[in-house]
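Working through the structure, step by step
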Amino acid sequence: MRIVLDTNIICQDFPMSGSPFRVLFDGLPRADHSLHIPKLVIDETTNKYAERLRDCQRRIEGSLDKARRLSGTEIESPLTDADIDSLVEDYSQMLPSRFAQAGATIMDYPSIPHEEIVKRALNRRKPFSRGDAGYRDALIWENVIDLGARPGQDIGFISANRQDFCDDEGNLHPDLVADMEVRGIQSGRIVLFGSLREFVDEHIKPTMEALEDIRQRIAGGRYPGLDLWKEVAVVVSRLPYAMSDARWDPAKLGFPSTFERLRLAGVSDSEPPHVLDVRELHSGEFLLYVLVPVECEFSVLVSRADYYAMRGRDAPEVPDHDWDRYHVEVRTSRWLDMEVEMTFDPATSEVTSVDFVSIGKKLE
């Protein structure tokens, strides 16, 4: 399969050092896949990298201003404009170099006439949605269908932008299917994946050798050089930060529908990790898939009427009776299953990546 990455995929892991990218780069030759990266994606990713650094700088400056007022002393910023310029310059060289190491083909900007792009925007044909929003997406899509029109393997387009590339059922949008028909591209020849992990799980992992004996040894704490508890504890400690912007569905966690604005306040306990799968990369590293039960503390808003109805029957802790005129803030907890993926190099006894995958209702 010929793989095309959208900008939003790289922006989830700018250094491309997490397990999904490690597995992708490692498995490309063995699984007979090839990587094709639009030049636009490289330019846009570099720009967003700079934007994220500037955003970090603003947040740091805000915190430093508070610290300066509290202490009455001058505190220098650890992230200056010169630092950012240097980091962006290094990144602009690293990104194409890393793709070159993976044998990727860099695709030039498409030569589609401006008139066609404007017509598409005016008619709000996907990936345009409103106004000129979608201009860069339209150019990336043009790269994708240009590649699909050439002889060769099917196309795997990996993009988290389902809003502009998919219909309500998650399939490729009819506007884009129509583009394929105009170019003579057979239906199903371009396959959309919503995440890099989705593609890796479906097309790379099945080609990797499962190591059941190693899995049992790691699960039993008998593999030399790997302290799984220690590595998992780091992920658990960072969970509130990783999920700070998450939107929780109370029903999916077993909470009453009267609970509003669930926020993960902390993790109070965890159980031993379960090693579900271990596979070997071509490089010799191990890919581990681990499940960790964690007791999560939630801050929740409940209407005053619903709160008074709870009183006397297992009413939750109330840190703030006066959140606002209509709500009470309560604290409650749930045991959830956290999924973690990591890579481990047995030659150096080094954990080379640890990635939080997901969290959901604990399976009994």
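For the structure given in this document, a descriptive report is provided here. Please read all numbers here as calculations on a predicted model, not as lab measurements.

Moving on to the packing of helix H2 (residues 19-27) against helix H9 (residues 196-204). Between H2 and H9, whose axes approach to 9 Å, the crossing angle comes to 40 degrees. Judged on the interaxial angle alone, H9 and H2 are oblique. The handedness of the crossing between H2 and H9 comes out as left-handed. Contact with H2, carried on its side by Ser19, Pro20, Phe21, Val23, Leu24 and Gly27, involves Leu196, Arg197, Phe199, Val200 and Ile204 of H9 and no other residues of that element.

Here we come to the nonpolar core. Judged by nonpolar contacts, the single largest core of 59 residues is most densely connected at Leu5, Phe99 and Trp141. Here this core takes 7 residues from helix H6 (residues 135-148), the largest share from any one element. If you look at the next biggest cluster of nonpolar residues, it comprises 36 residues, including Ile218, Val232, Val290 and Val340.

Relative to the 20 Å expected for 14 residues at 1.5 Å per residue, H6 spans 20 Å between its end C-alpha atoms, a close match to the ideal helical length. Burial analysis of H6 places 12 of its 14 residues in the buried class, which makes it a mostly covered element. Here H6 has its buried residues at Asp137, Ala138, Leu139, Ile140, Trp141, Glu142, Asn143, Val144, Ile145, Asp146, Leu147 and Gly148.

So, about unusual backbone geometry. A positive phi is found at arginine 261, a non-glycine position, where the angle reads about 50 degrees. Structurally, arginine 261 can be placed in strand S7 (residues 260-270). On the basis of relative accessible area, arginine 261 is assigned to the exposed category, the value being 61%. The phi torsion at serine 349 lies on the positive side, around 55 degrees, for a residue other than glycine. For serine 349, the location among the structural elements is in the loop between strand S11 (327-345) and strand S12 (350-361). By relative accessible area, which is 35% here, serine 349 ends up partly exposed.

Parameters at a glance
- Residues numbered from 1 in each chain as written.
- Predicted model: local features only at pLDDT ≥ 70, side-chain atom pairs only at ≥ 80, totals over all residues.
- Heavy atoms only, no water.
- Axes fitted to C-alpha atoms, helices over the stretch in contact; angles between N-to-C directions.
- Helix = DSSP H or I, 4+ residues; strand = E, 2+ residues; numbered from the N terminus.
- Parallel < 35°, antiparallel > 145°, perpendicular 65-115°, else oblique.
- Left-handed = near helix turned anticlockwise from the far one by under 90°.
- Contact = heavy atoms within 4.5 Å.
- Core = buried A, V, L, I, M, F, W, Y, C linked by side-chain atoms within 4.5 Å.
- Buried < 20%, exposed > 50% of the residue type's maximum accessible area, 1.4 Å probe, protein only.
- Expected span 1.5 Å × (residues − 1).

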